[in-house]
Amino acid sequence: MTRKYFGTDGIRGKVGVAPITPDFVMRLGYAAGIVLTKSRTAKGASSRPVVLIGKDTRISGYMLEAALEAGFSAAGVDTMLAGPMPTPAVAYLTRALRLSAGVVISASHNPYDDNGIKFFSASGNKLPDATELEIEAALDKPMTCVVSEKLGRAKRLDDARGRYIEFCKSTFPNELDLRGTKIVVDCAHGAAYHIAPDVFHELGAEVIAIGNKPSGFNINDKVGATAPEALVEAVKANKADIGIALDGDADRLIVVDASGRIFNGDELLYIMVKDRMSVQPIAGAVGTLMTNMALEVAFKKMGIGFVRANVGDRYVLEALQEHGWLLGGEGSGHMLCLDKHTTGDGIISALQILSALKRSGKTLVELTADIAMFPQTLINVKVAPGFDWKKNAGLLAEKEQVESELGDEGRVLIRASGTEPLIRVMVEAKNGETADTMARRIAARLNT
């Protein structure tokens, strides 16, 4: 069945434009409540479902939280309101409190005037496709309301912040601490503004927080993982040892060293895998179609399996579960450590990087010295809507020729944009000039 509302990471869009409107979100809460109640009844549960609702710092979060709460109440579902809380915190608290589901109101790294809704199951995982499709089917039915005595209640979860801080700290090795380390933490004026600085401080670090004054309108605005220039500047100005940038809902991580060099998700995944290998053998790791080929080559030399999932942390998670592996990530900074958490978590990922630094006694540059990232050239080519590049014989022939010339020292990736009429042509090669030349050769075929 084709999805009507849900994308790869919940439902997202411009506030005030369908589907991110209060009436739709109320119906979404009602539909989700009906599906949850039906599922619990089928399993023989007698108590009513309880759902945790968290949000980031966007001004629209107040409106959408109220709409969701109303929808769940109309379906006879109780809600617990956590207030501003990172996406991975909602996943953890849902599981820890044995709740029926968790809901996050966030548009992650998008601007403040976007927002979205994503769900977690009782186990702290993103909802399976089948459940999302059930909710979509329920959305197409009229919204009603249970009788008054069965309406859901709402209450605040006052200790959500403290619970999650302690959980994050528990993922850092007991025998290590962060004393003597000066860290700049960029919270992107987002959901971790009142959490991330305290986690690192309580482990002993000297913390300088930036991006920690949300106004409702400044989330991700020239700060955070998608705009690391602010972090680079702050690290240098404060002579810090390391900088950590999260995005608006704190599930993404970018790290900066004392010199201001930025380390992306590919390099961070390599550091985590290498550190874990120093403690115990691991079978493999998962990247995406966009993961730099240098990791594939390095892991092969280390005797570690490596597979590529489609772009999106949801697909990285699915591949990890399929292979029974623990570590995966995207170049954008979505990192997964399944022995620490059920979902991507920027704070917990940062703690794994910090533990690698402490355990090895090395710098980030030293930990990545034995891996040389392949230069990448990415060209976006505008095409007519509905254009199918796989039927372009000239393009396919050029792609095959380039792949033959690259051999084992590069790769080609062609994919259609999911949001615009664009074809993305990416070539990796050991030599940057080669990558650029070959990407242009392939892209030229799209214009002929």
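Since this is a predicted model, take the numbers as computed values, not measurements. The written sequence of each chain sets the order in which its residues are numbered from 1. Restriction of local features to residues with pLDDT of at least 70 applies here, the model being predicted, together with a cutoff of 80 or more for giving and counting side-chain atom pairs; totals for whole chains, interfaces and linings are based on all residues. Hydrogens and waters are ignored; side-chain quantities use all the structure's heavy atoms.

Draft legend 1. Quick look at the side chain of aspartate 56. Under the scheme used here, helices are H or I runs from DSSP no shorter than 4 residues and strands are E runs no shorter than 2 residues, and both carry numbers assigned from the N terminus. Positionally, aspartate 56 belongs in the loop between strand E2 (50-55) and helix H2 (60-74). With relative accessibility at 2%, the residue aspartate 56 sits in the buried group. As used in this structure description, the phrase polar contact means that two N or O atoms lie within 3.5 Å; if the pair is within protein, one of them must be able to donate a hydrogen and the other to accept it, and residues adjacent in sequence are counted only when both atoms belong to side chains. A distance of 2.7 Å separates a polar atom in the side chain of aspartate 56 from a polar atom in the side chain of arginine 58. Residue contacts are defined here by distance: any two heavy atoms, one from each residue, within 4.5 Å place the two residues in contact. Leaving out residues up to four positions away in the same chain, aspartate 56 has contacts with Pro84, Ile105, Ser106, Ala107, Ser108, Ala191, Ile219 and Gly248. Buried means the residue's accessible area, taken with a 1.4 Å probe over protein chains only, is under 20% of the maximum for its type, while exposed means over 50%, and partly exposed covers the values in between.

Draft legend 2. How the structure looks around the nonpolar core. We call a set of buried Ala, Val, Leu, Ile, Met, Phe, Trp, Tyr and Cys residues a nonpolar core when their side-chain atoms join them within 4.5 Å. Counting 67 residues, the largest nonpolar core has Ile183, Phe200, Ile347, Leu351 and Leu354 as its most contacted members. With eight residues, the top contributor of residues to this core is helix H11 (residues 346-360). Setting aside residues up to four positions removed in sequence, leucine 351 forms contacts with Cys168, Thr171, Phe172, Val199, Phe200 and Leu203. In this structure, Phe6, Tyr30, Ala31 and Val77 belong to the second largest nonpolar core, which totals 30 residues.

Draft legend 3. Broad picture of the sheet that holds strand E11 (residues 262-263). The five strands lie next to each other as E8-E7-E9-E10-E11, forming an open sheet whose pairing is mixed. Whereas interior strands pair on both sides, the edge strands pair on one side only; in this sheet they are strand E8 (206-210) and E11. Pairing between strands is defined by DSSP: at least two bridges between them are needed. Sheet analysis places strand E10 (residues 253-257) next to E11, joined by two bridges and oriented antiparallel. Residue pairing for E11: valine 255 is matched across the bridge by phenylalanine 263.

Draft legend 4. Spatial organisation of the packing of aromatic side chains. In summary, the pairing rule links any two rings of Phe, Tyr or Trp, Trp by its six-membered ring, whose centres are within 6.5 Å, and it sorts them by plane angle into stacked for under 30 degrees, edge-to-face for over 60 and tilted for everything else. This structure, assessed with the given rule, holds seven aromatic pairs. With a centroid separation of 3.9 Å and an interplanar angle of 5°, the aromatic rings of tyrosine 92 and phenylalanine 167 are classed as stacked. Placement of tyrosine 92 in helix H3 (residues 87-96) and of phenylalanine 167 in helix H5 (residues 160-170) is noted, with a sequence separation of 75 residues between them. There is no split in this pair, since tyrosine 92 and phenylalanine 167 are both buried. Taken together, a centroid distance of 5.4 Å and an interplanar angle of 75° make the contact between tyrosine 112 and phenylalanine 217 edge-to-face. Residue tyrosine 112 is located in the loop between strand E4 (101-105) and strand E5 (114-121), and its partner phenylalanine 217 is located in the loop between E8 and helix H7 (229-237); the two are separated by 105 residues in the primary sequence. Under the relative-accessibility criterion, phenylalanine 217 is labelled partly exposed at 46%. Through a chain of ring-to-ring contacts, the aromatic side chains of Tyr92, Tyr164 and Phe167 assemble into a single cluster. Here, a charge over a ring means that NZ of Lys or CZ of Arg falls within 6 Å of the ring centre while also lying within 35 degrees of the ring normal. When the ring centre of tyrosine 62 is taken as reference, the NZ or CZ atom of lysine 55 above it lies at 3.9 Å. Positioned above the aromatic ring of phenylalanine 263, the side-chain terminus of arginine 261 is 4.1 Å from the ring centre.

Draft legend 5. View of the pattern of salt bridges. In what follows, salt bridge is the name for a side-chain nitrogen of Lys or Arg lying within 4 Å of a carboxyl oxygen of Asp or Glu. Taken as a whole and judged by the stated rule, the model has 34 salt bridges. One salt bridge connects arginine 3 with aspartate 129, and the closest N-O pair in it is separated by 2.5 Å. Here arginine 3 is found in the segment before strand E1 (11-14), whereas its partner aspartate 129 is found in helix H4 (residues 129-139), with 126 residues between them in sequence. According to the relative accessible area criterion, aspartate 129 is partly exposed, its value standing at 36%. One salt bridge connects aspartate 9 with lysine 118, and the closest N-O pair in it is separated by 3.1 Å. Placement of aspartate 9 in the segment before E1 and of lysine 118 in strand E5 is noted, with a sequence separation of 109 residues between them. Judged on exposure class, the residue aspartate 9 and its partner lysine 118 are both buried. Linked by salt bridges that have partners in common, Asp9, Arg12, Lys118, Lys126, Asp249 and Asp313 make up one network.

Draft legend 6. Structural detail: the state of the cysteines. Cysteine sulfurs are considered disulfide-paired once they come within 2.5 Å of each other. In total, this model carries zero disulfides according to the counting rule given. Cysteine 187 forms no disulfide, and the closest cysteine sulfur to it belongs to cysteine 168, at a distance of 12 Å. Accessibility expressed as a relative area gives 0% for cysteine 187, which makes it buried.

Draft legend 7. Representation of the sheet that holds strand E13 (residues 305-309) in the model. Overall, mixed pairing links the four strands, which are arranged E13-E12-E14-E15 in an open sheet. Here the strands that pair on one side only, and so sit at the sheet edges, are E13 and strand E15 (335-337). This sheet shows a mean twist of 15° between the axes of neighbouring strands, independent of strand direction. In the sheet, strand E12 (residues 284-288) pairs with E13 via five bridges, with the strands oriented parallel. Every axis in this analysis is a line fitted to C-alpha atoms, fitted for helices over the stretch in contact. Angles between the N-to-C directions lie between 0 and 180 degrees.

Draft legend 8. Region of interest: H4. Taken residue by residue, H4 has Thr131, Glu132, Ile135, Glu136, Ala138 and Leu139 as its buried positions. Buried residues in H4, looked at end-on, bunch into an arc of 160°, giving them a common side. Note: the arc covers the axis-to-C-beta directions of the helix.

Draft legend 9. Structural view of the layout of surface pockets. Counted as a void, the largest pocket has a volume near 1100 Å³. A pocket here means an open set of points on a 1 Å grid, computed over the protein atoms alone, that has protein on both sides within 12 Å along at least five of seven lines. A cavity is instead a set of points where a 1.4 Å probe fits but cannot get out; residues with an atom within 4 Å of a point line either one. Taken together, 38 residues make up the lining of the largest pocket; nearest its centre are Thr8, Val311, Gly312, Glu330 and Arg415. Gly counts as polar in this scheme, as do all residues outside two lists: the nonpolar Ala, Val, Leu, Ile, Met, Phe, Trp, Tyr, Cys and Pro, and the charged Asp, Glu, Lys and Arg. The residue inventory of the lining of the largest pocket, partitioned by class, reads nine nonpolar, 18 polar and eleven charged. Grid points are joined across faces, edges and corners, and a volume is the space filled by probe spheres set on the points. Put simply, the second largest pocket is a space of about 320 Å³. Lining the second largest pocket are 15 residues, and of these Leu36, Ser39, Lys43, Ser100 and Ala122 lie nearest its centre. Among the secondary structure elements, those contributing two or more residues to the lining of the second largest pocket are helix H1 (22-42) and H4. At five residues, H1 tops the list of elements feeding residues into the lining of the second largest pocket. Each residue belonging to the lining of the second largest pocket can be placed in one class, and the counts come to seven nonpolar, four polar and four charged.

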